[in-house]
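Examination of the molecular architecture
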Amino acid sequence: MQDATAQMAMLQFISSGLPRVAVPSTIHCDHLIEAQTGGPKDLARAKEINEEVYNFLSSAGAKYGVGFWKPGSGIIHQIILENYAYPGVMLIGTDSHTPNGGGLGAICIGVGGADAVDVMAGIPWELKCPKVIGVKLTGTLSGWTSPKDVILKVAGILTVKGGTGAIVEYHGPGVDSISCTGMATICNMGAEIGATTSVFPYNHRMRTYLEKTGRGQISALADKYSDLLVPDEGCEYDQIIELNLDELKPHINGPFTPDLAHPVSDVGAVAEKNGWPLEVKVGLIGSCTNSSYEDMGRAASVAKQALDKGLKCKAQFTVTPGSEQIRATIERDGYSKILGAVGGVVLANACGPCIGQWDRRDVKKGDKNTIVTSFNRNFTARNDANPATHAFVTSPEIVTALAIAGTLSFNPETDYLTAPNGEKFKLEPPTGDELPAKDFDPGQDTYQHPPADGQVLKVNVSPESNRLQLLEPFDKWSGGDLEDLNVLIKVKGKCTTDHISAAGPWLKFRGHLDNISNNMLIGAVNSENDAINKIKNHLTGEYGGVPDVARHYKANGVHWVVGDDNYGEGSSREHAALEPRHLGGRAIIVKSFARIHETNLKKQGLLPLTFSNPSDYDKIRPDDKLTIKGLKTFAPGKPLSAVVKHSDGSEETLELLHSFNETQIEWFKAGSPSTG
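Residues numbered from 1 in each chain as written. Predicted model: local features only at pLDDT ≥ 70, side-chain atom pairs only at ≥ 80, totals over all residues. Heavy atoms only, no water.

**Considerations on helix H8 (residues 204–212)**
For H8, every residue scored as buried is listed here: Arg205, Met206, Tyr209 and Leu210. Buried positions in H8, seen along its axis, are confined to an arc of 135° and lie on one side of it. The opening residue of H8 is Asn203, an N-cap whose side-chain oxygen sits 3.2 Å from the backbone nitrogen of Arg205. Of the residues one or two after H8, Gly214 is the one with positive phi, at around 75°. (Buried < 20%, exposed > 50% of the residue type's maximum accessible area, 1.4 Å probe, protein only. Helix = DSSP H or I, 4+ residues; strand = E, 2+ residues; numbered from the N terminus. Arc of directions from axis to C-beta. Polar contact = N/O pair within 3.5 Å; in protein donor to acceptor, adjacent residues only side chain to side chain.)

Structure below.
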């Protein structure tokens, strides 16, 4: 669990009354550190600001048997790869990029906190059996093309929902040309196509990585059973994509969505045509997707070429090491010095700007500008809370090249840079060692192991706290139909978990349900007026913010519904489900859901429903009243219906589908499994 989602998960585990977790579990402090001036100062400030939350997580971890990685230790997925993932393990994490571990042949799946609570409580974890998409790789990676380009290309093919309900299995002769951490990069960003997880077959690159990270015994065991850790002969896939790595070109995806793929050679012309700003304001490398030793080495090899000719970055440039081990090792081996000399600022070992933890001051909110990152997501306003920022995702080496050139129209494969003395030169393709020759430097010890028995320990949550709040059980199902529900907001267009429950400055309230509910759906577009956070209160006739109207409805005993398409795409944050439930929501009716969010809604006693006929979405008007019928005979595979009463007195009945199984129907009846 990472610290932003672990707060709610541990609060739910505490309310279960169990003395200790049933499976090995860890908490990783990486989400609450804001990038401002640089690593050491930012970390010190975060420890001070978040002291109450860190103390809660540390003491809850010690009491209930959960390992605690302190702030500064690094990003959860890098720590998992370095310490916990191994071929054939099944691991769940309360973060959507948990599939990063697939780079070590592990089945690692992102879930909401309530799912994690089930697992920690020893309850079987379940998932609708996924399809399997096979990606066959041939050829060899070379030159400027990197592992990131594989997933950037796949995202362009499958789109942000093409992997929903599927595991992506990479295979074929091209696999061996990708490093273990490169495979992790590809699996990590599989979250952006909605995939349940992604996985690579066990090979010698994984063996070497395990040995370098002190796990030689595991690699010996994996060698012994390697036939179980590769695709079965003659296995069939539900869909096959073939990629020839010899022909794959460097890619850059964006803006505003991670599946808008462009070859780097084309993006300048496309940007000009679309009016996207060509000037690159900031280049940002690192993140859980791309902060390995190899990534940093390849970026440094590009930076060194510029430095040797007397050039520095035209754009601002930031570097986020993935873990304390990576930070210490790249410092020892001189990469940090090169990246700093070219203009880079080394940030804390944390998520930072990738999740909006960035106190950006070089542009004003609303100013149109372009940034390039080696991150995974680039939704509107995600990195810097500025909806006019055009964010593009690419590999660390391409980010470095574009930061040096200062423009999106620079293609490092063909274009020349001009040195201060007027000499024109071309950058050579990047090089970088897969793993350090001298072993990793572990850096500072940032791990706290739980005591053998923590029952006597106390976990304190102050009733006055504005950061933490113990949970109260949600109300149980009444036993009848849900009658005369208001439409809180008819959402228009893309509605990710960032739109439903924004991160950035709101992360500090992730342990306090009532306070964080003040951000519910404030980023979603209202179909009635195309406005953000401005909806009509049908009790008063006045317009107000989404959370305010919801609170008013709840206070007056009015329940409500909401919806659109691929609803809940993005992060695993269960706050996007907890908040609507807390503020009186009963059903979320949409054209389609993203997997993790649909499960999170069920876990909180809400009804995630889809229109049997997607065009029925157009029949819903903002002032309608809906009655959901069929709950007395609620059963798997049996549709429900909505009687829609329009304000002109007319009525129509729409069929609604659901994916509840018998256990999940019990959750709905109980009000929620984790608070019931």
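The rest of the description comes next.
**Section: helix H6 (residues 147–158)**
Here H6 spans 17 Å end to end across twelve residues, near enough to the 16 Å set by a 1.5 Å rise per residue. A large share of H6 lies buried, amounting to nine of its twelve residues. Taken residue by residue, H6 has Pro147, Lys148, Asp149, Val150, Ile151, Leu152, Val154, Ala155 and Leu158 as its buried positions. Note on H6: the residue one or two positions beyond its end, Thr159, has a positive phi of about 70°. (Expected span 1.5 Å × (residues − 1).)

**Points about the nonpolar core**
Judged by nonpolar contacts, the single largest core of 134 residues is most densely connected at Met10, Leu137, Tyr170, Phe200, Phe317, Leu339 and Leu408. Setting aside anything within four residues of it in sequence, one finds Tyr170 in contact with Val135, Leu137, Val150, Ile151, Val154, Val175, Ile186, Ser198, Val199, Phe200 and Pro201. (Core = buried A, V, L, I, M, F, W, Y, C linked by side-chain atoms within 4.5 Å. Contact = heavy atoms within 4.5 Å.)

**A look at the state of the cysteines**
Tallied over the entire structure, the rule returns zero disulfides. There is no disulfide at Cys351, and the cysteine sulfur nearest it, in Cys288, is 6.7 Å away. For Cys354, which is in no disulfide, the shortest distance to another cysteine sulfur is to Cys288 and amounts to 5.7 Å. Overall, Cys354 belongs to the buried group, its relative accessible area being 5%. (Disulfide = S-S within 2.5 Å.)

Just geometry here; none of it tells us what the structure is for.
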